[in-house]
Amino acid sequence: MNFKKTLAASVVIAGAFAGYSAQAQDQAPDISLELVAPLSEYKIFVAENTAELVKDTQAFVAAIKEGNVEEAKSLFAPTRTSYEAIEPIAELFSDLDVSIDARADDYEKGEADPAFTGFHRIEYGLWEENSTDGLDTYADQLMADVKDLNDRINNLTFPPEVVVGGAAALMEEVAATKISGEEDRYSRTDLWDFEANFHGSEKIFDLLTPLIAESDPEFVETVSGNFADVDETLAKYEAPEGGYVSYVELSDSDRNVLSAKVNTLAEDLSTLRGKLGLN
Ligand SMILES: [Cu+2]
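Conventions and cut-offs
- Residues numbered from 1 in each chain as written.
- Predicted model: local features only at pLDDT ≥ 70, side-chain atom pairs only at ≥ 80, totals over all residues.
- Heavy atoms only, no water.
- Donors = N, O, S within 2.8 Å, 3.2 Å for Na, K, Ca; no water.
- Tetrahedral: all angles 85-135°; square planar, octahedral: opposite > 155°, others 65-115°.
- Helix = DSSP H or I, 4+ residues; strand = E, 2+ residues; numbered from the N terminus.
- Buried < 20%, exposed > 50% of the residue type's maximum accessible area, 1.4 Å probe, protein only.
- pLDDT = per-residue confidence, 0-100.
- Contact = heavy atoms within 4.5 Å.
- Phe/Tyr/Trp six-rings, centres within 6.5 Å; stacked < 30°, edge-to-face > 60°.
- 1 Å grid on protein atoms, 1.4 Å probe; cavity = no way out; pocket = protein on both sides within 12 Å on 5 of 7 lines; lining within 4 Å.
- Points joined across faces, edges and corners; volume = space filled by probe spheres on them.
- Nonpolar A, V, L, I, M, F, W, Y, C, P; charged D, E, K, R; others polar.
- Lys, Arg positive; Asp, Glu negative; His and termini not counted.
- Salt bridge = Lys/Arg side-chain N within 4 Å of Asp/Glu carboxyl O.
- Expected span 1.5 Å × (residues − 1).
- Bend = angle between axes of the 7 residues up to and from the residue.

Novice: Can you help me understand the coordination of the copper ion in this one?
Specialist: Each donor-metal-donor angle would ideally measure 109.5 degrees in four-coordinate tetrahedral geometry, or 90 or 180 degrees in six-coordinate octahedral geometry. Glu 84 (OE), Glu 87 (OE), Asp 101 (OD) and Glu 183 (OE) make up the full set of protein donors to the copper ion, lying at 2.0 to 2.3 Å. Between the four donor atoms coordinating the copper ion, the angles at the centre fall across 85 to 150°, so the site counts as irregular. Binding-site remark: the copper ion is held by donors from one chain whose sequence spacing is E-x2-E-x13-D-x81-E. With a gap of 82 residues between them, Asp 101 in helix 4 (residues 94-101) and Glu 183 in the loop between helix 7 (160-176) and helix 8 (190-212) connect regions that are remote in the sequence. Accessibility assignment for this pair places Asp 101 and Glu 183 in one class, buried.

Novice: Explain the confidence of the model for the protein chain here, please?
Specialist: Interpretation of this model should avoid reading the predicted coordinates in detail wherever pLDDT is low. Mean pLDDT over the protein chain works out to 90, with 89% of the residues at or above the 70 mark. Below pLDDT 50 for its whole length, residues 1-29 participates in 28 contacts with residues either more than four positions away or in separate chains.

Novice: How do you make sense of the packing of aromatic side chains when you look at a structure like this?
Specialist: Describing an aromatic ring pair means giving the distance of the ring centres and the angle of the ring planes. The final tally for this structure, using the stated rule, is 13 aromatic pairs. Plain terms: the ring middles of Phe 205 and Phe 219 are 6.4 Å apart, the flat faces sit at 70° to each other, and that makes the pair edge-to-face. Taken together, the positions of Phe 205 in helix 8 and Phe 219 in helix 9 (residues 217-235) put the pair 14 residues apart, joining distant regions of the chain. Just as Phe 205 is buried, Phe 219 falls in that class too. Among the aromatic residues, those joined into a ring-pair cluster are Phe 60, Phe 76, Phe 119 and Trp 127.

Novice: What is the right way to read the layout of surface pockets from this model?
Specialist: Empty space among the atoms can be located by rolling a probe the size of a water molecule over them. Its volume calculated, the second largest pocket comes out at about 210 Å³. Every residue along the wall of the second largest pocket is listed here: Glu 87, Ala 90, Asp 97, Val 98, Asp 101, Ala 102, Arg 103, Asp 106, Tyr 107, Glu 173, Thr 177 and Glu 182. Top element by residues in the lining of the second largest pocket is helix 4. It accounts for three residues. Partitioned by chemical class, the residues of the lining of the second largest pocket number four nonpolar, one polar and seven charged.

Novice: Looking at this model, I keep getting lost on the side chain of Asp 113. Mind explaining?
Specialist: As for its placement among the helices and strands, Asp 113 is situated in the loop between helix 4 and helix 5 (119-128). Among buried charged residues, Asp 113 stands out as having no salt bridge; its nearest opposite-charge side chain is Lys 109, 5.6 Å away. Leaving out residues up to four positions away in the same chain, Asp 113 has contacts with Tyr 107 and Glu 108.

Novice: Please explain helix 7 as it appears in this structure.
Specialist: Three or four residues apart is the spacing at which side chains of an α-helix point the same way, because the helix has 3.6 residues per turn. Helix length check: helix 7 (17 residues) gives 24 Å between terminal C-alpha atoms against 24 Å at 1.5 Å per residue, within 8%. The largest bend in helix 7 is about 25°, located at Gly 166. Counting buried residues in helix 7 gives 12 out of 17 residues, a clear majority hidden from the surface. Among the residues of helix 7, those classed as buried are Pro 160, Val 162, Val 163, Val 164, Gly 165, Gly 166, Ala 167, Ala 168, Leu 170, Met 171, Val 174 and Ala 175.

Structure follows, in structure tokens:
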């Protein structure tokens, strides 16, 4: 570990503490104090992911600018995973979430709408038009947005109820809408996103586990088991070359099985806020 890295980590921790103390007044003192360490650690997880996102987006954008459609296609899904991993807290940067990750249906004119930007606009060009023509401006915008996101993390406050609630809400979103394949509809790389969403929510659960392990060991065991169950289901769709098979390869019954498991997780996690006294 070099000095710069150590310094960065302590700044991150200081930031998390600052955010926490503003929150602390209306919470039971014991649980608030116990939340400081896991939230600081979560903030480091987020910072690592946004740094990775910047790095991966640079390569993705470079491929687009070179007009290398195949290379850009191959980088699309892996570049997105670090963004999808922090999606539980996307409401803390909702303006960037719109420009980075919105879908065509969020716009009046769909794909043709000039306001439609970000990963999915680029995905549309690469897969539906099989071309990088006209994607340069979207690529530049995406690069600027992910850098902006990365720059904001240090000063971002992480309210515990948002972090905990976000993990549950994301699982609900996967079960309710993402399972239909709406997110990566042109590339069919949905399973990469799912994996990153689960992994990002599980990170939050794991960091908070020590706070409830004593009072509710059964709950911890059940939820850990349900995460493992989802992991196992997803593992069936791993591709030999890395990543996941196309989402079209899943049958309706495969999707139903996955959806039911994710729903169970969402229900589990929806009780976590209450268990931590954050309601
Ligand atoms: Cu997303």
